[in-house]
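Chain by chain, the residues run as shown.
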Amino acid sequence: MLLDQLKERFGADLVAAESARDEETIVIVRERALEVMRALRDEEAFAFDFLADLTAVDWPARTPRFDVVYHLHSIKRGHRLRVKVATGEPEPSVTSVTELWKSADWFERECYDMFGIHFEGHPDLRRILMYDSFEGHPLRKDYPVNRRQPMIPETDPILNPLRPSR
Amino acid sequence: MALPARWSKNAEVTDSTGETMEIQMGPSHPASHGTIKFNLKLDGEQIVDCDIEVGYLHRGFEKMCEQGTWTQCFPYTDRLNYASPCINNVGFALAVERLLGVTAPERCQYARVIMSEVHRLADHLTCLGMAAGELGAQSVMFYMMEAREFLYDLVEAVTGARLTVTWCRAGGIARDLPADLDARIALAFSHLDGILSDCDKLLSRNRVFIDRMADIGVMAADEAISYGLSGPLLRAAGVAYDVRKAHPYLVYDRFEFEIPTGEKGDNYDRFNVRFQEMYQSKRIIEQAMRSLPEGPIALDDPRIVLPSKERVYNSIEGLMNHFKLIMEGIKVPAGEVYQSVEGSNGELGFYVVSDGSGRPYRVRVRPPCFLGMGALSRMLVGHMIADIVATFGMINMIGGECDR
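Remember, predicted model here, so these are calculated numbers, not experimental data.

1. Notes on the overall build of chain B
Next up, step 1: Within chain B, the secondary structure is distributed over 16 helices and eight strands.
Next up, step 2: C-alpha extents for chain B along the principal axes are approximately 85 × 45 × 35 Å.
Next up, step 3: Out of the 404 residues belonging to chain B, those deemed buried represent 52%.
Next up, step 4: Partitioning the contacts of chain B with sequence separation of at least 6, the portion at a separation of at least 24 is 71%.

Have a look at this one:
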């Protein structure tokens, strides 16, 4: 039902749509992602007011490599949807949805931190879980779990601050 | 850690020189439980801007889950929201079971509900107790910790551990409920009733407590939904969204319980919502104990559940079965699933992707208190430093869940 409505409404913007294990998933075209998501949030039939989760999955053997996965819930209507946008090397990036849902702010920062996916239009894209001088993006499949990081200089707020004082 | 780009744009400053003070509160601070750094920009005592740094307890949960087998992820899930480990266990177990296409037996589902609610009680006691203690209500903190001790005795009797329970498995639970569970629950509840009543009398109509909590940290319904808040934070704003009612799992749809909601979405409402939820959890546990069925605690499926030790030691088939499941892991069919459970902080989601092998391909935890921390700076701007303690206490940030 929901999938039929989505296919009818978005037509060519959907690359794929499937239903499995009581869940609906659609894959949308990267360039149209923001408009599609805006419609999903604002239109009455869909009313996805709640961005439950935003993450990515790395499929290194595939091109494009990354799937940015959005889990949309509708508190009003009670239905749920998984939306995927594919993006790949050399510089993976998708449009930020922070203007639609404020929860995207931190979710996208974490996705950037862990996968290196750039979110265009994000107001403040910087690492969130790892420290600033961390090298690499840990959840990528080519980041070995036992890789060591270089030692970083000890910071002293007065003698060697990490950020410039005024 | 780099400061946000917007840092240089001041909010309104009343200081005659227009100067603000930048100070860091954390990561280790006696009044905030958990390692969190607040980069504060202050105009006197008032917070002009606030940037919150998390990640001090990041241990690479999602990466580590990809390294072992499916069953080896369960100990990791204990260490997510470590105040309510059974709920995390249950969430992950349900996700794997959905990928496998199986449902655990009835007794197992009832047992999981009972332990989830016991842990919800323990988590709310921890949250409210510590928050009260940080505000100066030391007695309430100790009373609630005492009540929690009785619940931990219960958890230890059922699972064998107080915190790192690792009690659920794909397709069942590791140990059955003890025969005297009724008596143990009655004992725990007899103490809990008195303590909750005392704490209610000490705090709910307490002038100082209300002054510190009411109208502080307000987050109204629309904004709360936009920030992705769920659980007590969202219910305090008046939205009656509870995963146990909206998308029932296990056997929650068989029990009668209410969803307490607040009105304004301030700290006082959050306190009341958590407090009332404890009574509702007690109701669920009592109903579940009354209708607890007999039966197996795990599926009788050699592809998923370990065989009994008698079979392992006395038959070659049992030994081979055990060996294959331990060394190679449960072969979960390829696919993905998003399973949400109602954690004590809100919607705890597990997005699990399988590639058909015995090891997970991707395990994503949707952490409810991560969103709470994301919304925290919005709640704090305009308030004073002392309000950070109250608001942060009511968010119930558990480092293990927020940072993973």
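2. A closer look at the overall build of chain A
Next up, step 1: Across its full length, chain A carries three helices and seven strands.
Next up, step 2: Moving toward the C terminus, one meets the helices and strands of chain A in the order α-β-β-α-β-β-β-β-α-β.
Next up, step 3: Across its three principal directions, the C-alpha atoms of chain A cover 60 × 40 × 25 Å.
Next up, step 4: By residue count, 36% of the 166 residues in chain A fall in the buried class.
Next up, step 5: The long-range fraction of contacts in chain A, counting pairs at least 24 apart against all pairs at least 6 apart in sequence, stands at 46%.

3. So, the nonpolar core
Next up, step 1: In this structure, Val96 and Ala224 of chain B are the most contacted members of the largest nonpolar core, which totals 165 residues.
Next up, step 2: Looking at this core element by element, the count peaks at 16 residues for helix H4 (residues 106-135) of chain B.

4. Observations concerning the sheet that holds strand S6 (residues 335-343) of chain B
Residue and element names in this part refer to chain B.
Next up, step 1: One open sheet holds the three strands; their spatial order is S6-S7-S8, and the pairing between them is antiparallel. A single partner strand is all that each edge strand has here, and the edge strands are S6 and strand S8 (360-366). The mean inter-strand angle of the sheet, taken between neighbouring strand axes irrespective of direction, is 15°.
Next up, step 2: Bridge count between strand S7 (residues 346-354) and S8: six bridges; the pairing is antiparallel. Opposite tyrosine 351, over in S8, you have arginine 364 as the bridge partner.
Next up, step 3: Taken strand by strand, helix H3 (residues 85-100) contacts S6 and S7, and its axis lies near 150° from that of S6.

5. Concerning the sheet that holds strand S1 (residues 21-25) of chain B
All names here are of chain B.
Next up, step 1: The strand order across the open sheet formed by three strands is S1-S2-S3, and the pairing between neighbours is antiparallel. With partners counted over all chains shown, the strands left at the sheet margins are S1 and strand S3 (46-53), one partner each. Averaged over neighbouring strand pairs, the angle between their axes works out to 20° when direction is ignored.
Next up, step 2: Pairing geometry for strand S2 (residues 37-43) and S3, over seven bridges, is antiparallel. Residue pairing across strands places lysine 41 opposite aspartate 49, the latter belonging to S3.

6. With respect to the packing of helix H14 (residues 368-380) of chain B against helix H15 (residues 385-395) of chain B
All names here are of chain B.
Next up, step 1: Look at H14 against H15: their axes get within 10 Å of each other, and the N-to-C directions meet at 155°. By the angle between their axes, H14 is roughly antiparallel relative to H15. Seen from above, H14 lies across H15 with right-handed handedness. Contacts between H14 and H15 pair Cys369, Gly372, Met373, Leu376, Met379 and Leu380 from the former with Asp387, Ile388, Thr391, Phe392 and Ile395 from the latter.
Next up, step 2: Residue composition of the contact of H14 with H15, by class: eight nonpolar, two polar and one charged.

7. Observations regarding the interface of chain B and chain A
Next up, step 1: Contacts between the two partners involve 35 residues from chain B and, on the opposite side, 32 residues from chain A.
Next up, step 2: Only helix H1 (61-65), helix H8 (221-226), S6, S7, S8 and H14 of chain B provide two or more residues apiece to the side of chain B that touches chain A.
Next up, step 3: Broken down by element, the side of chain B that touches chain A gets its largest block of residues, four residues, from S7 of chain B.
Next up, step 4: Of the residues belonging to the side of chain B that touches chain A, the class tally is 17 nonpolar, nine polar and nine charged.

8. Considerations on the confidence of the model for chain B
Should pLDDT be low for a region, the predicted coordinates there are not to be read in detail.
Next up, step 1: Summing up the model confidence of chain B, the mean pLDDT is 91 and the portion of residues at 70 or higher is 96%.
Next up, step 2: As a predicted assembly, this complex carries a pTM of 0.92 together with an ipTM value of 0.91.

9. Regarding the pairing of S8 of chain B
Next up, step 1: The element S8 of chain B is extensively covered by neighbouring structure, given that six of its seven residues are classed as buried.
Next up, step 2: Between the antiparallel neighbours S7 of chain B and S8 of chain B lie five residues, among them glycine 356 of chain B with a positive phi of about 95°.

10. Comments concerning unusual backbone geometry
Next up, step 1: A cis geometry characterises the amide bond from threonine 63 of chain A onward to proline 64 of chain A, with omega recorded as 0°.
Next up, step 2: Assignment of secondary structure puts proline 64 of chain A in the loop between strand S3 (50-58) and strand S4 (66-73).
Next up, step 3: A cis amide bond links glycine 26 of chain B to the next residue, proline 27 of chain B, at an omega of -10°.
Next up, step 4: On the secondary structure map, proline 27 of chain B appears in the loop between S1 and S2.
Next up, step 5: Phi is positive for aspartate 22 of chain A, close to 65°, though the residue is something other than glycine.

11. Here's the deal with the packing of helix H11 (residues 267-290) of chain B against H15 of chain B
All names here are of chain B.
Next up, step 1: Running from amino to carboxyl end, H11 crosses H15 at an angle of 35°, the nearest separation of the two axes being 10 Å. Judged by the twist between their axes, the crossing of H11 over H15 is left-handed. Of the residues in H15, those touching H11 at Asn267, Arg270 and Phe271 are Ala390, Thr391 and Met394.
Next up, step 2: Its residues assigned to classes, the contact of H11 with H15 shows three nonpolar, two polar and one charged.

12. Structural notes on the pairing of S4 of chain A
All names here are of chain A.
Next up, step 1: Counting buried positions over the eight residues of S4 gives eight, a clear majority of the element.
Next up, step 2: By the alternation rule, side chains of S4 split into Phe66, Val68, Tyr70 and Leu72 and Asp67, Val69, His71 and His73, which are all buried.
Next up, step 3: Here eight bridges tie S3 to S4, and the two strands are oriented antiparallel to one another. Note that in S4 the partner of aspartate 58 across the bridge is phenylalanine 66.

13. Looking at the environment of glutamate 44 of chain A
Next up, step 1: Inspection of the secondary structure assignment puts glutamate 44 of chain A in the loop between helix H2 (33-42) and S3.
Next up, step 2: Sequence-wise, glutamate 44 of chain A and proline 64 of chain A are 20 residues apart; in three dimensions their C-alpha atoms are separated by 33 Å.

How each quantity is defined
All residue numbers here refer to positions counted from 1 along the written sequence of the relevant chain. Labels are handed out in written order, letters beginning with A for the chains and numbers beginning with 1 for the ligands. Reporting in this predicted model follows two pLDDT cut-offs: at least 70 for local features of residues, and 80 or more for side-chain atom pairs to be given and counted; totals over whole chains, interfaces and linings ignore these cut-offs and use all residues. Numbering of helices and strands runs from the N terminus; a helix is a DSSP stretch of H or I covering at least four residues, while a strand is a stretch of E covering at least two. The exposure scheme places C-beta atoms from the backbone and then counts, for each residue, the other C-beta atoms within 10 Å of its own, assigning buried at 20 or more, exposed at 12 or fewer, and partly exposed in between. Remark: residues whose backbone-derived C-beta atoms lie within 7 Å of one another are considered to be in contact. Think of a nonpolar core as buried Ala, Val, Leu, Ile, Met, Phe, Trp, Tyr and Cys residues chained together by C-beta atoms that fall within 7 Å. Each pair of strands is called paired provided DSSP finds at least two bridges between the two strands. Each axis is a line fitted through C-alpha atoms, taken for helices only over the stretch in contact, and angles between the N-to-C directions span 0 to 180 degrees. Here is the rule for angles: anything less than 35 degrees is roughly parallel, anything more than 145 is roughly antiparallel, 65 through 115 is roughly perpendicular, and the remaining ranges are oblique. Handedness of each helix crossing follows the sense of rotation of the near helix against the far helix: counterclockwise by less than a right angle gives left-handed, clockwise gives right-handed. Any residue that is not Ala, Val, Leu, Ile, Met, Phe, Trp, Tyr, Cys, Pro, Asp, Glu, Lys or Arg is counted as polar, Gly included; the first ten are nonpolar and the last four charged. Predictor confidence is given residue by residue as pLDDT, running from a minimum of 0 to a maximum of 100.

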